[in-house]
Amino acid sequence: MVTIQDVARAAGVSAMTVSHVINDHPHVKTETRARVLQAITDLDYRVNVAARNLRTGRTGTIGLAVPEVDRPYYGQLAAEIITAAARHNLKVAIEQTGASREGELDALALSRNRLYDGLILSTVGLGPADTDLLKVDYPVVILGERIFDGPVDHVAMPNVEGARAATAHLIEQGCRRIALIDGGPPGDEVDVSSLRYDGYREALAEAGIPLDSRLLVHIDGLTMEQGAAAARRVSESGVEFDGAFCVTDTVAMGALRGFADAGVRVPQDVKVIGFDNIAEGAYIVPSLSSIDPDHALMASTAVRFLVGRLAEKGKKRQVAREFISRFTVVARESTGG
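Note that this is a predicted model, so its numbers are computed, not measured.

Undergrad: How would you sum up the pattern of salt bridges? Please name residues and give values.
TA: All told, the structure shown has 14 salt bridges when counted by the stated rule. For D198, the salt bridge is made with R201, and the minimal N-O distance between the two is 3.2 Å. With a gap of 3 residues between them, D198 and R201 both fall in helix α8 (residues 192-206), about one helical turn apart. A residue is classified by how much of its surface remains accessible, and D198, at 24% relative accessible area, is partly exposed.

Below you can see the structure in the form of C-alpha cells.
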C-alpha cells in the first residue's frame with residue numbers, strides 16, 4: 001500500500017506538505033501543489049478515510065437537508081452552502097425532506113447514523129411543538145424561516161421586512177390595488193406565507209391603503225403551476241388590481257405566465273414582484289423584480305455557526321444564536337425597472 005511518505009519522497013516535499021495538499025490548505029505554492037498531485041496520481045495513492053476519521057473524530061462531511069432539490073431556490077442555496085463549506089475543508093451531503101414535518105424529523109434522527117459532523121436543516125414543516133425534538137447531541141443549524149424559538153442556532157429570512165419592502169416598492173411604482181398570491185390564509189401556524197402576509201399588510205397600512213380581502217389569492221402549493229392558475233383566477237375575477245406581490249419567485253414566474261395567458265400585460269397593466277431573487281428571474285421576459293435575501297451571506301453564516309459548534313465539542317454549550325439576513329429590493333422589468 002502506498003503511504004503518504006512515498007508520495008512525499010516522489011514529490012520531493014515533506015509528509016506535512018502532502019497532508020496540506022490533500023486537505024486543500026490554502027498556503028501551498030501552486031507549483032508544489034501540482035507536483036504533489038502528480039505524485040499522488042502516478043503512485044495511485046488513496047487516502048485512508050476511515051483511519052483519518054478515527055484519529056480526528058470527524059468525517060469532514062456535513063449534511064444539508066432541503067425540502068425539494070428540484071426547486072431553483074433550493075438549488076441555488078445548496079450551491080452557496082457547498083461553496084461556504086469548502087472554505088472550511090468540509091464536504092456536503094444533500095438530502096430531500098419532501099417539504100414535510102416527517103421528512104425533517106427523519107433528517108434530524110438519521111444524521112448521526114449517516115456520520116455527518118453536523119446538519120444544516122432548511123425547515124418548512126417543523127413548528128413550535130417540535131422544539132424539544134431539536135435537542136440532539138450533535139450540531140444543528142436551522143436555515144430559512146424564523147418560525148419558533150429553539151435550542152439550536154438559526155439563520156433566518158427577513159420575511160416580514162422583505163415583504164413589506166416588496167409591497168412598498170409596488171406602491172412607489174404607483175400601485176394602489178395590490179394582489180397577494182400566497183400559500184394560504186393566515187392560521188394558527190406561523191409559516192413563510194403568514195410572515196410575508198404580515199409584511200404586505202403593514203406596507204399597505206403605512207401607505208394608508210385599505211386591505212381588500214378580495215385581493216388575497218391563496219394557492220395550494222408554492223409552485224409555478226399554482227402561481228399561473230392564481231394569476232388567471234384574479235384576472236378573471238372582475239376585481240380591479242394593478243400590482244401583485246408573489247410570496248416566492250417560483251410563484252411569481254408562474255404568475256407571469258398566467259397573466260400572459262389572460263391577456264394582462266406586465267408591467268403595463270399590472271406590476272409583479274417576487275421574493276428570493278433566484279438567478280432565473282433575471283433572464284425571463286419580462287425580467288422579474290424580487291427581494292434578494294443575500295443567499296451567500298445566509299449560507300456562510302449557517303456554515304460558520306456549524307463550524308463554531310463543532311469546535312465546542314466537549315465544552316459547555318453556549319446559548320443558541322439567531323441571525324436574520326439583510327435584504328435588497330432588486331427592481332427589474334416586471335415593475336417597470
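Undergrad: A description of helix α11 (residues 295-311) should follow, citing residues and the corresponding values.
TA: A rise of 1.5 Å per residue sets the reference length of α11, with its 17 residues, at 24 Å; its end C-alpha atoms lie 24 Å apart and thus fit the reference within 8%. The set of residues buried in α11 consists of H295, M298, A299, T301, A302, V303, F305, L306, R309 and L310.

Undergrad: Requested: an account of the sheet that holds strand β4 (residues 140-144), with residues and values cited.
TA: Across the sheet, 6 strands lie side by side as β2-β1-β3-β4-β5-β11; this open sheet has parallel pairing. The strands lining the two open edges of the sheet, one partner per strand, are β2 (91-96) and β11 (322-324). Shown here is a sheet whose adjacent strand axes are inclined to one another by a mean of 15°, direction ignored. Direction of pairing for strand β1 (residues 61-66) relative to β2: parallel, over a ladder of 6 bridges.

Undergrad: Requested: an account of the sheet that holds strand β6 (residues 178-182), with residues and values cited.
TA: Strand order across the open sheet formed by 4 strands is β7-β6-β8-β9, with parallel pairing between neighbours. The open sheet terminates on both sides in strands that have one partner only, identified here as β7 (216-218) and β9 (271-273). For this sheet, the mean inter-axis angle between neighbouring strands, taken without regard to orientation, is 20°. With 4 bridges joining them, β6 and strand β8 (residues 243-246) adopt parallel strand pairing. Across the sheet, L180 pairs through a bridge with F245, a residue of β8. On top of the sheet, helix α10 (residues 249-261) reaches β6, β8 and β9; it is set at about 145° to β8, its chief contact.

Undergrad: Run through the pairing of β4, naming residues and quoting values.
TA: Among the 5 residues that make up β4, 5 are buried, leaving the element largely enclosed by the rest of the structure. Bridge count for strand β3 (residues 119-123) against β4 is 5 bridges, and the pairing is parallel. Residue T123 lies in a different strand from β4, and its bridge partner there is G144. Where β4 lies against strand β5 (residues 153-156), 4 bridges are found, and the strand directions are parallel. Bridge assignment links V141 to a residue of β5, and that residue is D153.

Undergrad: Hey, could you go over the packing of helix α1 (residues 4-11) against helix α2 (residues 15-22) for me, with residue numbers and the actual values?
TA: Direction vectors running N to C along α1 and α2 enclose 100°, while the axes themselves pass 8 Å from each other. Here α1 is positioned roughly perpendicular relative to α2, judged by the angle of their axes. Across the interface between the two elements, I4, V7 and A8 of α1 pack against A15, V18, S19 and I22 of α2.

Calculation notes
Residues numbered from 1 in each chain as written. Predicted model: local features only at pLDDT ≥ 70, side-chain atom pairs only at ≥ 80, totals over all residues. Heavy atoms only, no water. Salt bridge = Lys/Arg side-chain N within 4 Å of Asp/Glu carboxyl O. Helix = DSSP H or I, 4+ residues; strand = E, 2+ residues; numbered from the N terminus. Buried < 20%, exposed > 50% of the residue type's maximum accessible area, 1.4 Å probe, protein only. Expected span 1.5 Å × (residues − 1). Pairing = 2+ DSSP bridges. Axes fitted to C-alpha atoms, helices over the stretch in contact; angles between N-to-C directions. Contact = heavy atoms within 4.5 Å. Parallel < 35°, antiparallel > 145°, perpendicular 65-115°, else oblique.

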